[in-house]
Amino acid sequence: MPDDPITRRRWLAATPWAAVLAAHEHARQAARSSQPPPFTALTAGEAKEIEAIAAQMIPTDDTPGAREAGVIYFIDRALATFDHDTRALYTEGLKDLDARRTSLFPGSRSFAGLQPAGQVRLLKAIEKTDFFELVRTHTVLGFFGNPSYGGNRDRAGWKLIGFEDRFQFEPPFGYYDAESKR
Amino acid sequence: MKQYRPDEEVDFLIIGAGASGGIMAKELSTAGFSVVVLEQGPYLREKDFEHDEIKNTVLSGMTNHPARQPQTYRASESDSAKIPGQKFLQYGRQVGGGSVHFTANYWRLWESDFQQKSKWGGVPGAALADWPITYADLEPYYTKAEQELGVSGLAGANPFEAWRSKPYPLPPLPVKSSGVLFERATRKLGLHPFPTPMAILSQPYRGRGACLHCGFCEYFGCEVRAKSSTLATVIPVAERSGRCEIRPDSYTRKIELASNGRVTGAVYFDANRREVVQRAKSVIVCANGSETPRLLLMSKSSQFPQGLANRNGLVGRYLMVDAGYEAHGIFEHPLNEFKSVQATRVIHDFYEPDPKRGFYGGGGIDARFDFYPAGFALAGLPPDAPRWGHEWKAMVGRNFTRTMSLLAHATCLARDENSISLDPNVKDPWGLPAMRVTFAFHPDDVRNMQFLLARQMEILEAAGAQKAWPDTSDDSLLPHNHLLGTCRMGDDPNTSVVDRHHRTHDVPNLFLVDGSSLVTACCQPTCTIQALAYRAADYIAQQARQNAI
């Protein structure tokens, strides 16, 4: 739950099972369409802000980041389906972020519109909040989860870490077991 | 598959189609008895298994679900129980049960495991007891389980291993980089590594193909039936007998009792939440160490106001779980641990409790990797690493293929207070009382886990880890997967729930065969649970033939 730190075995809230299938179907349809899919749970304005936050958490550098991987589409679908219980925390969290932004950067209009250094500074200010932890968890799940959920486009997350989703591998698997056979 | 009408009195009603229930179903149906198996979870087939981390880990795809199978938790009986932020006890919830999604560690007990009370004379604050049976009683059934289900391992490679009547039917699975590093390090330290015995096929066996090393074992079902789950092995045999019906999505709420003190069947909710009564001559509960006591406690009657077969109040008591921390290390070159089975090398050097350590406890340590990509990115980096941004991204990118873990599989003492009971307030979506868990580790368990963790860190250092760290957060131990001891086996009806043949002391035609029977917690229990099931099935079939149930 959002008020607890997320560890490897501590996962998201309870979820109606049918919603997962709905999310899959949604993602499959989106994948077939050449148009960017419309958002379901988030408004376009909210999506822009969340995408900018996710893009600071997993930035674009010499490899794709959260933005290119379509993490925002994963998050929107999660909030529309299996993680809709956390939707309210997004509303609250964005409101709090707005308030902190206007006090830190008077005259600014949005998080997405800030310079990168300003975005990082603002995120550091909310690093200990439930909202930050929730967005971080969703961003990571969207970046590294199965592409059928709408994120991890072109397997960007898996390519980053050297993971391959295959049904078959053969030994040697890694450097040390290969070395031991030489 | 054979189908029975609910009003047809079958010979055996088995509740739970998991690691033990699948074996009971096969043994009793092929022995000529009519059998109905009620399974609360769905009947998933190999085509339903996916490499989908979110579904299987985040969304409890193959396990009890926190919303539909709610649990409450408290550390002590004096606390009020609350719904925890994290699932506390976890069990497999489909035909095949936990044997479908388990890691497939398959360790026998040692001979000494059966006489810990005699050896130690008791531990203050713990209900340590001897088993009513010995290793010799169980050995033929350990062998039967290994041979019939298909287990890969190397007999004699573990110098501490108990005697065995046959070697493993299959050679060990190929060693991974974690196993090579672990083997080098432990030998350097004078320890005795050996290939992890796994219920996964290293070669084709009895019509099933060998493991293809896809890496999705723990939390996942095997698409190619190389994991020796009851779903892939004995359940199809039971169905082919023409005498066994597996009924999935059938959630038992009460075992029925007649005025003569014998059970007559059970009431369950079918997939459409209609109540159905299945009649049977005998009932065998194989619902796991948490759901078995819960069902007995829900089956109250005027004869058993505290719950069925619970005259002495011990049903649900002495809950024991898996214990043991994990330590992680980063290495210079890629290990690619995401490939193949989770664990390939293990040591039992610290398995036997040793009075010189100053506390009770012991356990095995294995080399493994049980992260999937998102789980690794969330929690696989050292505690001092950044948690987001460029540097974090670079570290996740570099470390995923270079990390391995050492996991301790430690003893857990039975405490009086640790129990499964019915929550007085929280109900599940069927209106039944939620499972309430009362649990805290015995102080010796904690000292033992810390002792083993120090050994894990020494091994990682000896293996040449560039960086190593222990994961000792309370949450790191959750959820617990081995749910044991809650309907303890024993000869004395005052101090146990079932006798040495798994028959309840209070009800002659009611048997409990699963982790709830275990007297001590033994690091890796599945092999023992399944050997007990084979042994119980032999006895029950023989008694039924003699009209002695």
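A quick note: this is a predicted structure, and the numbers were derived from the prediction, not measured.

What follows is about the overall build of chain B. Assigned secondary structure in chain B consists of 12 helices and 16 strands. Since a compact globule built from 549 residues should have a radius of gyration of about 24 Å, the 22 Å found for chain B is in line with a globular shape. Across its three principal directions, the C-alpha atoms of chain B cover 70 × 50 × 50 Å. Within the span of chain B, comprising 549 residues, buried residues form 60% of the whole. Looking at chain B alone, contacts between residues at least 24 apart form 73% of all its contacts between residues at least 6 apart.

We now examine the overall build of chain A. Within chain A, the regular secondary structure consists of 8 helices and 0 strands. Listing each helix as α and each strand as β along chain A from the N terminus yields α-α-α-α-α-α-α-α. In chain A, buried positions account for 43% of the 182 residues. Put simply, 68% of the contacts in chain A that link residues at least 6 apart link residues at least 24 apart.

What follows covers the interface of chain B and chain A. The accessible area lost on association of the parts is a frequent measure of interface size. Between chain B and chain A, the residue contacts involve 53 residues of the former and 46 residues of the latter. Of all the secondary structure elements, the ones that give two or more residues to the side of chain B that touches chain A are α2 (53-58), α6 (177-188), α9 (373-379) and α10 (389-399) of chain B. Per element, the largest residue contribution to the side of chain B that touches chain A is 6 residues, and it comes from α9 of chain B.

Another aspect to go through is the environment of Leu 173 of chain B. Residue and element names in this part refer to chain B. Along the chain, Leu 173 falls in the loop between α5 (135-150) and α6. In this structure, the C-alpha to C-alpha distance between Leu 173 and Leu 201, residues 28 residues apart in sequence, is 7.7 Å. Once residues lying within four places of it in the same chain are set aside, the contact partners of Leu 173 are Ser 152, Met 198, Ile 200, Ser 202, Cys 211, Val 341 and Thr 344.

The next thing to look at is the confidence of the model for chain B. For chain B, mean pLDDT is 97; residues scoring 70 or higher make up 100% of the total. The ipTM value of the predicted complex is 0.95, and its pTM value is 0.95.

In this section: α6 of chain B. The end-to-end C-alpha distance of α6 of chain B, which contains 12 residues, comes to 17 Å, matching closely the 16 Å that a straight helix rising 1.5 Å per residue would cover. The buried fraction of α6 of chain B amounts to 9 of the 12 residues, a majority that puts the element mostly inside the structure. Elements that come into contact with the buried residues of α6 of chain B comprise α8 (175-181) of chain A together with β10 (343-347), β11 (363-368), β12 (403-410) and α11 (443-462) of chain B. In the segment just after α6 of chain B, Gly 190 of chain B is the residue with positive phi, at about 80°.

Across chain A, the average pLDDT comes to 88, with 80% of residues at 70 or higher. Below a pLDDT of 50 lies the segment residues 1-17 of chain A, which in the model reaches 45 contacts outside its immediate sequence neighbourhood of four places, other chains included.

Attention shifts here to the packing of helix α3 (residues 71-80) of chain A against helix α6 (residues 130-144) of chain A. Residue and element names in this part refer to chain A. It is the contact of α3 with α6, at a shortest axis distance of 8 Å, that shows an interaxial angle of 115°. Classified by chirality, the crossing of α6 by α3 is right-handed. Here α3 contributes Val 71, Phe 74, Ile 75 and Ala 78 to the contact with α6, which in turn contributes His 138, Thr 139, Leu 141, Gly 142 and Phe 143. For the contact of α3 with α6, the class distribution of residues is 6 nonpolar, 3 polar and no charged.

As a further point, take the sheet that holds β10 of chain B. Residue and element names in this part refer to chain B. In spatial order, the strands read β4-β10-β11-β12-β9-β15; together these 6 strands make up an open sheet with antiparallel pairing. Edge positions in the open sheet fall to β4 (194-195) and β15 (467-471), since each of these has one partner strand only. Bridge count for β4 against β10 is 2 bridges, and the pairing is antiparallel. By the bridge assignment for β10, Pro 195 is matched with Arg 345. Across the sheet, α6 touches β10, β11 and β12, and the angle it forms with β10 is around 15°.

Checked against the element boundaries, Gly 324 of chain B lands in the loop between α8 (291-298) and β9 (326-330). In this structure the C-alpha to C-alpha distance between Gly 324 of chain B and His 409 of chain B, which are 85 residues apart in sequence, comes to 5.3 Å.

Residue and element names in this part refer to chain B. Taken together, 3 strands build an open sheet; the order of strands is β3-β14-β13 and the sheet is mixed. Whereas interior strands pair on both sides, the edge strands pair on one side only; in this sheet they are β3 (71-74) and β13 (419-427). The sheet shows a mean angle of 35° between the axes of neighbouring strands, taken without regard to direction. The pairing of β3 with strand β14 (residues 433-438) spans 4 bridges and is classified as parallel. The residue of β14 that forms the bridge with Arg 74 is Thr 438. Along the sheet, α8 contacts β13 and β14; its crossing angle with β13, the most-contacted strand, is approximately 60°.

Quick look at the environment of Ile 459 of chain B now. Residue and element names in this part refer to chain B. Mapped onto the secondary structure, Ile 459 falls in helix α11. Ile 459 sits in the buried class, given 26 other C-beta atoms within 10 Å. On a C-alpha basis, the gap between Ile 459 and Val 446 in space is 20 Å, while along the polypeptide they are 13 residues apart. Apart from the residues within four sequence positions on either side, Ile 459 is in contact with Phe 182, Ala 185, Thr 186, Leu 189, Ile 365 and Leu 406.

On to unusual backbone geometry. In this structure, the amide linkage connecting Pro 171 of chain A to the following residue, Pro 172 of chain A, adopts the cis form with an omega of 0°. Looking at where Pro 172 of chain A falls in the secondary structure, it is placed in the loop between α7 (156-161) and α8. You will see that His 502 of chain B, though not glycine, has its phi angle at about 75°, which is positive. With respect to the helices and strands, the residue His 502 of chain B is situated in the loop between β15 and β16 (510-512). Looking at His 502 of chain B, the number of C-beta atoms within 10 Å reads 28, which means it is buried.

Strand direction decides the pairing type here: strand β6 (residues 251-257) of chain B and strand β7 (residues 263-269) of chain B, joined by 6 bridges, are antiparallel. Paired with Leu 257 of chain B across the bridge in β7 of chain B is Val 263 of chain B.

Turning our eyes to something else, we now look at α10 of chain B. Along α10 of chain B, the positions that sit buried rather than exposed are Lys 393, Val 396 and Asn 399 of chain B. The buried residues of α10 of chain B occupy an angular sector of 150° when the element is viewed end-on, so they sit on one face. Tucked into the core, α10 of chain B has its buried residues touching α7 of chain A together with β9, α9 and β12 of chain B.

About the thresholds
- Residues numbered from 1 in each chain as written.
- Chains lettered and ligands numbered in written order.
- Predicted model: local features only at pLDDT ≥ 70, side-chain atom pairs only at ≥ 80, totals over all residues.
- Helix = DSSP H or I, 4+ residues; strand = E, 2+ residues; numbered from the N terminus.
- Rg over C-alpha atoms; globule rule 2.2 N^0.38 Å.
- Buried ≥ 20, exposed ≤ 12 C-beta atoms within 10 Å, placed from the backbone.
- Contact = placed C-beta atoms within 7 Å.
- pLDDT = per-residue confidence, 0-100.
- Expected span 1.5 Å × (residues − 1).
- Axes fitted to C-alpha atoms, helices over the stretch in contact; angles between N-to-C directions.
- Left-handed = near helix turned anticlockwise from the far one by under 90°.
- Nonpolar A, V, L, I, M, F, W, Y, C, P; charged D, E, K, R; others polar.
- Pairing = 2+ DSSP bridges.
- Arc of directions from axis to C-beta.

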